[in-house]
Amino acid sequence: MTSTLPTPPTPPSVLVFAASDPSSGAGVQADLLTVASLGCHPLTAITALTVQDTVGVQSIQPVGAELLEQQARTVLEDMPVAAFKIGVLGSVENVLAVAEIVSDYPEIPLVFDPVLASGRGDELSGEEIIQAMREMLLPQTTIITPNAPEARRLAESDEDEGEPAIDVCAQRLIEMGAQYVLITGTHESTPEVINTLYGPDGVIRRDRWERLPGSYHGSGCTLASAIAACIAGGASVEEAVRDAQDYTWQSLKNGFRAGMGQFIPDRFFWARGEDDAEPAAEDKGDGQD
């Protein structure tokens, strides 16, 4: 007599478009770790190969747009996807390819992390790529997660006499088509890290976090992927932003220095023993980019 084991539930899948990082601090490897840590199944479409470590990016080689499209469409035809996450795309052709792919799935939420430079300032997206992002991806974006310098660069106008205010940048990005904008304050010179979520009617929430010492490789990737995973798990955008910030802050708080450069967030901090660190936000349950 044989017994039939119950079929385990299938976790929601998140399809990530991102570049490979050999150090696994940032890029698609960071996305994989984050999405898996939060209970989802990660799918990947590699957009570029990079030569980098925790110190900086030495080179980036975009994957051909046709190969990128084949990767994505193959898994999309095989498995249901609950959320998209977009990181470095590497070329104008790849921006256009990804924009065409996601346009075929308008019901799937899209989290867009517009990575324009590495942590130390290595250029990852030139002006042509940025313009293609504005025109082709922003109108399809559920939530975009730039840091303050990225927000200013994406939203800059020839009419600006100086740096546009963050609130102005957010409004412009929404006018370009993004439904929500989360601007992170890790690159600002404030005592605390201030992350602000905007919607069509202005500020939805503003969260303040203890500014941790040191710098981190892949913090933005972690935050955006965590938002995508939370949305894939059924959270609203505001709930996902709240919970993803908390997860990211804890990952950074427990980060480790594996190499000679930036710290790497520990995306599986919860698996390495009890963590009694309390999030340092005004509104508990939020975190740092």
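Placed above this text is the structure.
Below is a short write-up of the structure. (Residues numbered from 1 in each chain as written. Predicted model: local features only at pLDDT ≥ 70, side-chain atom pairs only at ≥ 80, totals over all residues. Heavy atoms only, no water.)

Notes on the overall build of the chain
Right, on to step 1. Secondary structure assignment for the chain yields eight helices and nine strands.
Right, on to step 2. Against the 2.2 N^0.38 benchmark of 19 Å for 289 residues, the chain shows a C-alpha radius of gyration of 18 Å, consistent with a compact globule.
Right, on to step 3. Expressed as lengths along the three principal axes of its C-alpha atoms, the size of the chain is roughly 80 × 45 × 40 Å.
Right, on to step 4. Counting all 289 residues of the chain, 53% fall into the buried class.
Right, on to step 5. Sequence separation of 24 or more characterises 69% of the internal contacts of the chain that already satisfy a separation of 6 or more.
Right, on to step 6. Surface exposure of the chain reaches about 13000 Å², of which carbon and sulfur atoms provide 51%.
Right, on to step 7. The distance from the centre of the 17 positive side-chain charges to the centre of the 44 negative ones in the chain is 6 Å. (Helix = DSSP H or I, 4+ residues; strand = E, 2+ residues; numbered from the N terminus. Rg over C-alpha atoms; globule rule 2.2 N^0.38 Å. Buried < 20%, exposed > 50% of the residue type's maximum accessible area, 1.4 Å probe, protein only. Contact = heavy atoms within 4.5 Å. Areas by Shrake-Rupley, 256 points an atom, 1.4 Å probe, with all protein chains shown as cover. Lys, Arg positive; Asp, Glu negative; His and termini not counted. Charge placed at Lys NZ, Arg CZ, Asp CG, Glu CD.)

Describing the side chain of T34
Right, on to step 1. With respect to the helices and strands, the residue T34 is situated in helix 1 (residues 27–37).
Right, on to step 2. Judged by its relative accessible area of 0%, T34 falls in the buried class.
Right, on to step 3. Among residues more than four places away in sequence, those in contact with T34 are T222, S225, A226, Y247 and R267.

A look at helix 2 (residues 65–78)
Right, on to step 1. An ideal rise of 1.5 Å per residue puts 20 Å on 14 residues; helix 2 measures up with 20 Å between its terminal C-alpha atoms.
Right, on to step 2. In this structure, the buried side of helix 2 is in contact with strand 1 (13–20), strand 2 (41–52), strand 4 (83–86) and helix 3 (92–103). (Expected span 1.5 Å × (residues − 1).)

As for the state of the cysteines
Right, on to step 1. Per the counting criterion, the structure on display carries zero disulfides.
Right, on to step 2. We note that C40 lacks a disulfide partner, and the nearest cysteine sulfur, in C230, lies 7.8 Å from it.
Right, on to step 3. You can call C40 buried: its relative accessible area is 7%. (Disulfide = S-S within 2.5 Å.)

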